[in-house]
Amino acid sequence: MNITVVGTGYVGLVVGACLAETGNDVICADVEAAKIDGLKRNVLPIYEPGLEAYVERNQADGRLAFTTDVAWAIGEADVVFIAVGTPPDEDGSADLRHVLDVASTIGAAMRRELVIVTKSTVPVGTAARVAEVVARAAKHAFHMVSNPEFLKEGAAVDDFMKPDRVVLGAESDFARGVMAELYAPFVRTGAPIIFMDIPSAEMTKYAANAMLATRISFMNEIANLCERVGANVDLVRRGIGSDGRIGPSFLFPGPGYGGSCFPKDVQALARTARERGTSLAILEAVEAVNARQKHRVAEKLVAAAGGSVAGMRVALWGLSFKANTDDMRESPALTVASDLLSAGATLVVHDPVALEEARKRLGDRVSYAGSGYDALRDADALVVVTDWNEYRHPDFERMRSLMRRPLIIDGRNLYSVERMGELGFEYYSIGRPDARAWAPAGQVGSRT
Ligand code: NAD
């Protein structure tokens, strides 16, 4: 099939490369010339495990091409995926400017009967608005499909190649037939294709992200309460996660959720509810809890340091909003960094892949370390913000010998409290007892 994907970001590039991998002829179009120039030379604008090999192979085999000429690319297509960004606007609703821009280009540029797929996360009613805009100039029949994307950054290729399910909102048999054929190679092991009407498909994506964000905020509040009542959230998590009705995923407390999806999607859904004369009280709370949680790591350090971090040299491990991506949009690390800097600390930051992205956002307000250990040299404290694998089993002796004061605030609960106490660290995490072996009157496993 001839596929055009408009928008070559985290989603569009993965969709394009994976559809080419299954034998389709794919053109990825984007307005950012630098991005397209790089991609033509197999230089990827993002870090995503496994993606580079797909781009290289399919480009070499002639199944994948890149262009800035969006209109030309649309003219070549049987199916167009709209995968441009839908950032929040000032009032929290999804900004549909890019989506509607693409819609008007489609109307003018289509050269045959077309299936138009909204892949971007868009509020209920958007496919109808896209159809209206396309229809103003369209000279051929077209069929709207809403096909929300559930991939996770950091595992995007795997998620797209082996989805748990494919959700397709479509209103014509033609569109359902085309999409079923396109997705057949990805659901061979039995994952369902769930067909539905278009508004329900649009809603499904928001409901999924809102549910996941709710679990995170819920567990963060439970963790904070665990600290006050002397419970350990690790044990509570295992205790509830083994209940089949609850399940073990998304129950890890941490420094708050970030990224390009949860914050904006929760906000947009809450906004939709308000616009329709109702409210989603749960989501308003989820957002407020998350905003508070992002300050917890810095607050814990201030408390551990006796009320002030002014003049302290602090190492910060992990800048991306989660492991295995260089995406720093809404990353909790930005809040942690900004809180500590404004409290007078000096920061030395490290991340396995997001340093380049971090330079754009943090500039010369922090120093950048080439390795996690380099960041620890003469540090008065370490804060761990992202759960990269390489931070999970570090050489603790080496860490101790590099640090001026062996004080760790672990925003991801990566280490055993008991072990950290035995090793002589002052160790604070989220929702678990503290280890305060280093403190002069030190007591392992004591509580604040
Ligand atoms: P992104 O910002 O990484 O990429 C968007 C791309 O669209 C950019 O390269 C931009 O230059 C391009 N673009 C903007 N306007 C354009 C136009 N008129 N013509 C051509 N290209 C244009 O965004 P993303 O993270 O890939 O997200 C895209 C959509 O998918 C969003 O709606 C997002 O909510 C949704 N989504 C994202 C994820 C994720 O994990 N990132 C997961 C599921 C769904």
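Worth saying up front: this structure is predicted, and the values here are computed from it rather than measured.

**Looking at the overall build of the chain**
A count of helical and extended segments in the chain gives 18 helices and 15 strands. In terms of overall dimensions, the chain is globule-like: its C-alpha atoms have a radius of gyration of 24 Å, near the 22 Å expected for 448 residues. Judged by the C-alpha coordinates and their principal axes, the chain covers about 80 × 45 × 40 Å. For the chain, with 448 residues in total, the buried portion stands at 54%. In the chain, of all internal contacts separated by at least 6 residues, the share reaching a separation of at least 24 is 71%. On the chain, roughly 19,000 Å² of surface is accessible, and the fraction owed to carbon and sulfur atoms is 51%. With 49 positive and 58 negative side-chain charges, the chain shows a spacing of 3 Å between the two charge centroids.

**Description of the packing of helix α1 (residues 10–21) against helix α3 (residues 51–60)**
The description of two helices packed together rests on the angle between their axes and the distance between the axes. For the pair α1 and α3, interaxial distance at closest approach is 9 Å and the crossing angle is 55°. Overall, the two elements α1 and α3 adopt an arrangement that is oblique. Handedness of the crossing formed by α1 with α3: left-handed. On α3, the residues that touch Leu13, Val14, Ala17, Cys18, Ala20 and Glu21 of α1 are Leu51, Tyr54, Val55, Arg57 and Asn58. Among the residues forming the contact of α1 with α3, the class breakdown is eight nonpolar, one polar and two charged.

**Brief notes about the confidence of the model for the chain**
Mean pLDDT for the chain: 96, with 97% of residues reaching 70 or above. Across residues 441–448, confidence stays below pLDDT 50; counting only partners more than four residues off in sequence or on other chains, it has 23 contacts.

**Looking at the packing of aromatic side chains**
Enumeration according to the criterion identifies nine aromatic pairs in this entry. The interplanar angle of 75° and the centroid separation of 5.2 Å between the aromatic rings of Phe160 and Phe186 together place this pair among those described as edge-to-face. Of the two residues, Phe160 sits in helix α7 (residues 156–161) while Phe186 sits in the loop between α8 (173–183) and β8 (193–196), which places them 26 residues apart along the sequence. Residue classification places Phe186 among the buried positions, given a relative accessible area of 3%. Taking 6.2 Å as the distance between ring centres and 55° as the angle between the ring planes, the aromatic pair formed by Phe250 and Phe262 counts as tilted.

**Here's the deal with the site of the ligand**
Taken together, 26 residues are adjacent to the ligand, and Asp30, Lys35, Thr86, Glu153 and Lys264 come closest. Between an oxygen atom of the ligand and a side-chain N or O atom of Asp30, the distance comes to 2.6 Å. Here Glu153 contributes a side-chain N or O atom positioned 2.7 Å from a nitrogen atom of the ligand. For the ligand, the accessible surface in isolation is 830 Å², of which the surrounding protein chains cover 89%. Residue composition of the shell around the ligand, by class: nine nonpolar, nine polar and eight charged. Counting residues domain by domain, the shell around the ligand receives three or more from each of domain 1 (2–196) and domain 2 (205–293).

**Focus on the pattern of salt bridges**
Here the structure, examined in full by the defined rule, presents 28 salt bridges. Across the pair Asp78 and Arg112 runs a salt bridge whose closest N-O atoms are separated by 3.0 Å. Placement of the pair is Asp78 in the loop between α4 (70–75) and β4 (79–82) and Arg112 in the loop between α5 (97–109) and β5 (114–118), with a sequence separation of 34 residues. Overall, Asp78 belongs to the partly exposed group, its relative accessible area being 23%. Residue Arg112 is classed as partly exposed on the basis of its relative accessible area, which comes to 29%.

**Regarding unusual backbone geometry**
Leaving glycine aside, a negative phi is the common case for residues, and trans is the common case for peptide bonds. Positive phi, close to 60°, is recorded for Phe250, a residue that is not glycine. Looking at Phe250, the relative accessible area reads 31%, which means it is partly exposed. For Glu330, which is not glycine, the phi dihedral falls at a positive 55°. Tracing the sequence through the fold places Glu330 in the loop between β9 (313–317) and α14 (332–342). Here Glu330 falls in the partly exposed class, since its relative accessible area comes to 43%.

**Details of helix α9 (residues 198–229)**
Compared with the 46 Å implied by 1.5 Å per residue over 32 residues, the 47 Å span of α9 between its first and last C-alpha is a close match. Positioned one or two residues after α9, Gly230 has a phi angle of 85°, which is positive.

**A closer look at the sheet that holds β4**
Pairing within the open sheet is mixed, and its eight strands lie in the order β3-β2-β1-β4-β5-β6-β7-β8. Edge strands, defined here as strands with exactly one partner in the open sheet, are β3 (64–67) and β8. Between one strand and the next, the sheet's axes are offset by a mean angle of 25°, whatever the strand orientation. In this sheet, strand β7 (residues 166–170) lies alongside strand β6 (residues 142–146) in antiparallel orientation, the contact comprising two bridges. Looking across to β7, one finds that Ser146 is bridged to Gly169. Along the sheet, α5 contacts β1 (2–6), β4 and β5; its crossing angle with β4, the most-contacted strand, is approximately 160°.

**Some thoughts on the domain arrangement of the chain**
When cut into domains, the chain gives domain 1 (2–196), domain 2 (205–293) and domain 3 (296–436). Between the C-alpha centres of domain 2 and domain 3 the distance comes to 23 Å. Roughly 1,400 Å² of surface becomes buried between domain 2 and domain 3 when both sides are summed, with 53% attributable to carbon and sulfur atoms. Considering only the side of domain 2, the residues that lose the most area to domain 3 are Glu227, Pro255 and Gly259, jointly responsible for 37% of the buried surface there.

Each value, and the rule that gives it
- Residue positions within a chain follow its written sequence, with the count starting from 1.
- This being a predicted model, a pLDDT of at least 70 is required before a residue's local features are given, and a value of 80 or more before pairs of side-chain atoms are given or counted; all residues contribute to the totals for chains, interfaces and linings.
- Computation of side-chain values covers all heavy atoms of the structure but excludes hydrogens and water.
- Helix and strand definitions here come from DSSP, where helices need a minimum of 4 consecutive H or I residues and strands a minimum of 2 consecutive E residues; each element is numbered from the N-terminal end.
- The atom set for the radius of gyration is the C-alpha atoms, and the globule formula is 2.2 Å times the number of residues raised to the power 0.38.
- Summary of the burial criterion: residues with accessible area below 20% of their type's maximum are buried, those above 50% are exposed, and those between are partly exposed, where the area comes from a 1.4 Å probe applied to protein chains only.
- Here a residue-residue contact requires only that any non-hydrogen atoms of the pair lie within 4.5 Å.
- Working definition of accessibility: Shrake-Rupley area with a 1.4 Å probe, residue cover restricted to the visible protein chains.
- Under this rule, positive means Lys or Arg and negative means Asp or Glu; His and the chain ends count for nothing.
- Here the site of a charge means NZ on Lys, CZ on Arg, CG on Asp, or CD on Glu.
- Angular values range over 0 to 180 degrees, each being the angle between N-to-C directions of two axes fitted as lines to C-alpha atoms, with helices fitted over their stretch in contact.
- Between 65 and 115 degrees an angle is taken as roughly perpendicular, under 35 as roughly parallel, over 145 as roughly antiparallel, and anywhere else as oblique.
- Left-handed describes a crossing whose near helix is turned anticlockwise from the far helix through less than a right angle; right-handed describes the clockwise counterpart.
- Each residue gets one label: Ala, Val, Leu, Ile, Met, Phe, Trp, Tyr, Cys and Pro are nonpolar, Asp, Glu, Lys and Arg are charged, and the others, such as Gly, are polar.
- As a per-residue quantity, pLDDT reports the predictor's confidence and falls between 0 and 100.
- When the centres of two rings from Phe, Tyr and Trp lie within 6.5 Å, Trp using its six-membered ring, the rings pair. Their planes under 30 degrees apart give stacked, over 60 give edge-to-face, and anything left gives tilted.
- Here a residue is considered near a molecule or strand provided that any single heavy atom belonging to it is located within 4 Å of it.
- Pairing of N or O atoms within 3.5 Å defines a polar contact, subject to two protein rules: one partner must be a possible hydrogen donor and the other a possible acceptor, and residues neighboring in sequence count only if both atoms are side-chain atoms.
- Annotation comment: domain bounds sourced from an automatic or database domain assignment.
- By convention in these notes, a salt bridge is any Lys or Arg side-chain nitrogen within 4 Å of a carboxyl oxygen on Asp or Glu.
- In this scheme, a helix's expected span is set at 1.5 Å multiplied by one less than its residue total.
- In this description, strands pair whenever DSSP reports at least two bridges between them.
- Take the accessible area each of two parts loses on contact, using a 1.4 Å probe, and add the two losses: that sum is the buried area.

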